[in-house]
Amino acid sequence: MTIYVGNLSFQATEEDLREVFAEYGKVSRVSLPTDRETGRKRGFAFVEMEDESKEDEAIADLDGAEWLGREIRVNKAKPRENYRGSKSGGGAPRA
């Protein structure tokens with residue numbers, strides 16, 4: 001399972017996230033997406049932990065918490081959907 005962390009401060013780093021979530025268990029991966037054009041952080045992250053029960057505990061404790069001056073949103077990440085059309089990749093044909 002992957003945890004979505006939203007409404008992050010733009011000052012938050014991968015190391016910051018690792019430290020916070022490490023209080024709940026071993027963190028296996030942190031992804032802090034950046035904008036392709038500007039390289040700036042996008043204000044959200046994804047965290048994966050080795051133990052799913054620890055992920056659930058982290059979500060319960062951290063959702064709505066104030067961190068780095070922002071009230072963060074923490075929940076189970078939803079699968080990414082194809083934004084160009086249906087899940088099957090439909091969408092409009094390219095010209």
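This is a predicted model, so every value here is computed, not measured.

S.K.: Could you clarify how one ought to interpret the sheet that holds strand β2 (residues 27–31) in this entry?
M.R.: Across a sheet, strands are paired by hydrogen bonds formed along the backbone, either parallel or antiparallel in direction. One open sheet accounts for four strands, arranged β2-β3-β1-β6; its pairing is antiparallel. Taken across any chain shown, the strands that pair with only one partner, and hence form the sheet edges, are β2 and β6 (73–76). Within this sheet the neighbouring strands show an average axis-to-axis angle of 20°, counted without direction. Inspection of the sheet shows strand β1 (residues 2–6) paired to β6 by four bridges, in the antiparallel sense. Directly across from Val 5, in β6, lies its bridge partner Val 74. Seen against the sheet, helix α1 (residues 14–22) touches β1, β2, β3 (44–49) and β6 and runs at an angle of roughly 145° to β2.

S.K.: Just checking my understanding: could you explain α1 for this structure?
M.R.: One turn of the α-helix equals 3.6 residues, which is why residues spaced by three or four share an orientation. For α1, the complete set of buried residues consists of Leu 17, Val 20 and Phe 21. Projected down its long axis, α1 shows its buried positions confined to an angular sector of 90°, all on one face. Buried residues in α1 make contact with β1, β2, β3, α2 (52–62), β4 (66–67) and β6.

S.K.: Looking at this model, I keep getting lost on unusual backbone geometry. Mind explaining?
M.R.: Backbone geometry places Asn 7, a non-glycine residue, at a positive phi of 60°. Looking at the secondary structure, you find Asn 7 in the loop between β1 and α1. Unlike most non-glycine residues, Leu 68 shows phi in positive territory, near 55°. Looking at the secondary structure, you find Leu 68 in the loop between β4 and β5 (70–71). Looking at Leu 68, the relative accessible area reads 44%, which means it is partly exposed.

S.K.: What am I meant to see in the side chain of Ser 9 here?
M.R.: Take Ser 9: it is sitting in the loop between β1 and α1. Classification of Ser 9 as buried rests on a relative accessible area of 7%. A polar contact is formed between the side chain of Ser 9 and the side chain of Gln 11, at a distance of 2.9 Å. Setting aside its immediate chain neighbours within four residues, Ser 9 contacts Leu 68 and Arg 70.

S.K.: Any chance you could explain the pattern of salt bridges here in plain terms?
M.R.: Between side chains of opposite charge, pairing is possible as soon as their charged atoms come close. Inspection of the entire model under this criterion finds four salt bridges. Linked through salt bridges whose partners overlap, the residues forming this network are Asp 63, Glu 71 and Arg 73.

Parameters at a glance
- Position numbers for residues count from 1 along each chain, tracking the sequence in the order it is written.
- Residues qualify for local features only when their pLDDT is at least 70, as the model is predicted, and side-chain atom pairs are given and counted only at 80 or more; totals for whole chains, interfaces and linings, by contrast, use all residues.
- Processing note: side-chain calculations cover all non-hydrogen atoms of the structure and skip hydrogens and water entirely.
- Any two strands between which DSSP finds at least two bridges are classified as paired.
- Under the DSSP-based scheme used, a helix requires at least four consecutive residues in state H or I and a strand at least two consecutive residues in state E, with every element numbered from the N terminus.
- Throughout, an axis means a line fitted to C-alpha atoms (over the contacting stretch in the case of helices), and angles, computed between N-to-C directions, take values from 0 to 180 degrees.
- Only heavy atoms enter the contact rule, under which two residues are in contact if any of them lie within 4.5 Å.
- Under the scheme applied here, a residue whose accessible area is under 20% of the maximum for its type counts as buried, over 50% as exposed, and between as partly exposed, the area being computed with a 1.4 Å probe on protein chains only.
- The reported arc concerns the directions from the helix axis to the C-beta atoms and nothing else.
- Within 3.5 Å is the distance limit for a polar contact, defined as a pair of N or O atoms, with the added protein rule that one can donate a hydrogen and the other accept it, and that residues adjacent in sequence qualify only through two side-chain atoms.
- The term salt bridge refers to a pairing of a side-chain nitrogen on Lys or Arg with a carboxyl oxygen on Asp or Glu at a separation within 4 Å.

Bear in mind that shape data such as this cannot, by itself, settle questions of function.
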